[in-house]
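Next come the chains, spelled out residue by residue.
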Amino acid sequence: MKSYNIAVIGGDGTGPEVVREAVKVLDAAATKYNLKLNYTPYDIGGERYLKTGEILPDSVITELRKFPAILLGAIGHPGVKPGILEKGILLRTRFELEQYINLRPVKLYDERFCPLKDKKPEHIDFVVVRENNEGLYTGSGGFVFKGTPNEIAVQESINTRRGVERCLRYAFEYTRKRNRAKKLTLSGKTNVLTFAFDLWFRAFEETGAKDYPDITRDYAHVDATTMWFVKNPEWFDVIVTDNMFGDIITDLGAMIQGGMGIAAGGNINPQGTSMFEPIGGSAPKYTGKNVINPLAAICAGQMMLDFLGETAAAAAIEAAVIKVVREKLKDLAAGKMGYSTTQVGDLVATLV
Ligand code: IPM
Ligand code: MN
């Protein structure tokens, strides 16, 4: 029997509630597919910070390195100033564990939940590969004359050839393995960001021409990309982009696939510890009410099994999610599903 050690960080707000349902579904899949999943919970998040002042102890980072995967609920607490937990927990983990890919599938399961007119599941099925360790997120920059009328704020976008190229290679490999249209679109801003995206574009062309001749290379400016997401999402197969643009376009992606209730992502280090999470936040106003949609966390669990190589178990979870979305739920939004958080978890678990 195959056995996997999984670190679990419920985190803040509704995080623990949705992670509980994800674990329920993972356990159902494990039973059926003869796997053993050993969970180690970590108490990390806003509550711990407010109680002890600890954000993410170094010892925890060291321990996390020993796991192949982390399942994360949500980070963000209304009692903590914005930026502290996001940078101290989420971004620190992404950076220190070198999770240099943020993989975000955008897939519509039921046209009832798409805000776009006449778009059906066959039109919305693509994946965004977001660079996850560089760009505007590194914290490079600073203030000059802070707090005076002459103050200057500089926030630099860091793009290393090594960091960009490993992201592009991952995206090319992923496109090949996905084996659909075999088209990779670079989303950038070569017309204005003539340093950063010049490097990206050259690396894209060189890497693609040399090692991935079977993959069609496509380019779109990021502003146009958002337009196509709404107008012709069926044009996309796999999209690769930098950290900031990836952050922005995947929120739009989440909306066209039915909202934050269903959108999941993976922070991937192909050689190390990867972390899977629902891409929505901690939803403080729904906390403890048993109304939040756990499907995004369940889909994060599915991505985790897929990443671990348990493709059949992952496919079974996805099939169960699709059935529940199409045949049971009235809506994907919190409080409107027609079922509670725990009931949705039960529905998926029994179908796996
Ligand atoms: C996301 C989030 C994070 C990001 C925040 C919470 C730091 O928006 O995962 O997309 O910007 O990456
Ligand atoms: Mn985001």
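Residues numbered from 1 in each chain as written. Chains lettered and ligands numbered in written order. Predicted model: local features only at pLDDT ≥ 70, side-chain atom pairs only at ≥ 80, totals over all residues. Heavy atoms only, no water.

## Considerations on the overall build of the protein chain
Within the protein chain, the secondary structure is distributed over 11 helices and 12 strands. Expected size for 352 residues packed as a compact globule is a radius of gyration near 20 Å; at 20 Å, the protein chain falls within 12% of this value. Projected onto its principal axes, the C-alpha coordinates of the protein chain cover approximately 50 × 50 × 40 Å. With 352 residues in all, the protein chain has 52% of them scored as buried. Here the analysis covers contacts within the protein chain between residues at least 6 apart in sequence; of these, 76% occur between residues at least 24 apart. Within the structure as shown, the protein chain displays about 15400 Å² of accessible surface, and the carbon and sulfur contribution to it stands at 54%. The averaged location of the 42 negative side-chain charges in the protein chain is 3 Å from the averaged location of its 43 positive side-chain charges. (Helix = DSSP H or I, 4+ residues; strand = E, 2+ residues; numbered from the N terminus. Rg over C-alpha atoms; globule rule 2.2 N^0.38 Å. Buried < 20%, exposed > 50% of the residue type's maximum accessible area, 1.4 Å probe, protein only. Contact = heavy atoms within 4.5 Å. Areas by Shrake-Rupley, 256 points an atom, 1.4 Å probe, with all protein chains shown as cover. Lys, Arg positive; Asp, Glu negative; His and termini not counted. Charge placed at Lys NZ, Arg CZ, Asp CG, Glu CD.)

## A closer look at a nonpolar patch on the surface
A surface patch of nonpolar side chains, amounting to about 330 Å² of accessible area, comprises Val-144, Phe-145, Ile-152 and Val-154. Structurally, Val-144 is set in strand β6 (residues 141-144). Given a relative accessible area of 36%, Val-144 falls into the partly exposed group. (Patch = residues over 30% accessible without salt bridge, like charges linked within 9 Å, V, L, I, M, F, W, Y side chains within 5 Å. Salt bridge = Lys/Arg side-chain N within 4 Å of Asp/Glu carboxyl O.)

## So, the packing of helix α5 (residues 161-178) against helix α6 (residues 196-211)
Close contact between α5 and α6 brings their axes to 10 Å; oriented N to C, the two are set at 45°. The angle between the axes of α5 and α6 places the two elements in the oblique class. In the packing of α5 onto α6, the handedness of the crossing is right-handed. Taking contact as the criterion, the partners of Arg-161, Val-164, Glu-165, Cys-167, Leu-168, Arg-169, Phe-172 and Arg-176 in α5 are, on α6, Leu-199, Trp-200, Arg-202, Ala-203, Phe-204, Glu-206, Thr-207, Gly-208 and Asp-211. Across the contact of α5 with α6, the residue classes break down as eight nonpolar, two polar and seven charged. (Axes fitted to C-alpha atoms, helices over the stretch in contact; angles between N-to-C directions. Parallel < 35°, antiparallel > 145°, perpendicular 65-115°, else oblique. Left-handed = near helix turned anticlockwise from the far one by under 90°. Nonpolar A, V, L, I, M, F, W, Y, C, P; charged D, E, K, R; others polar.)

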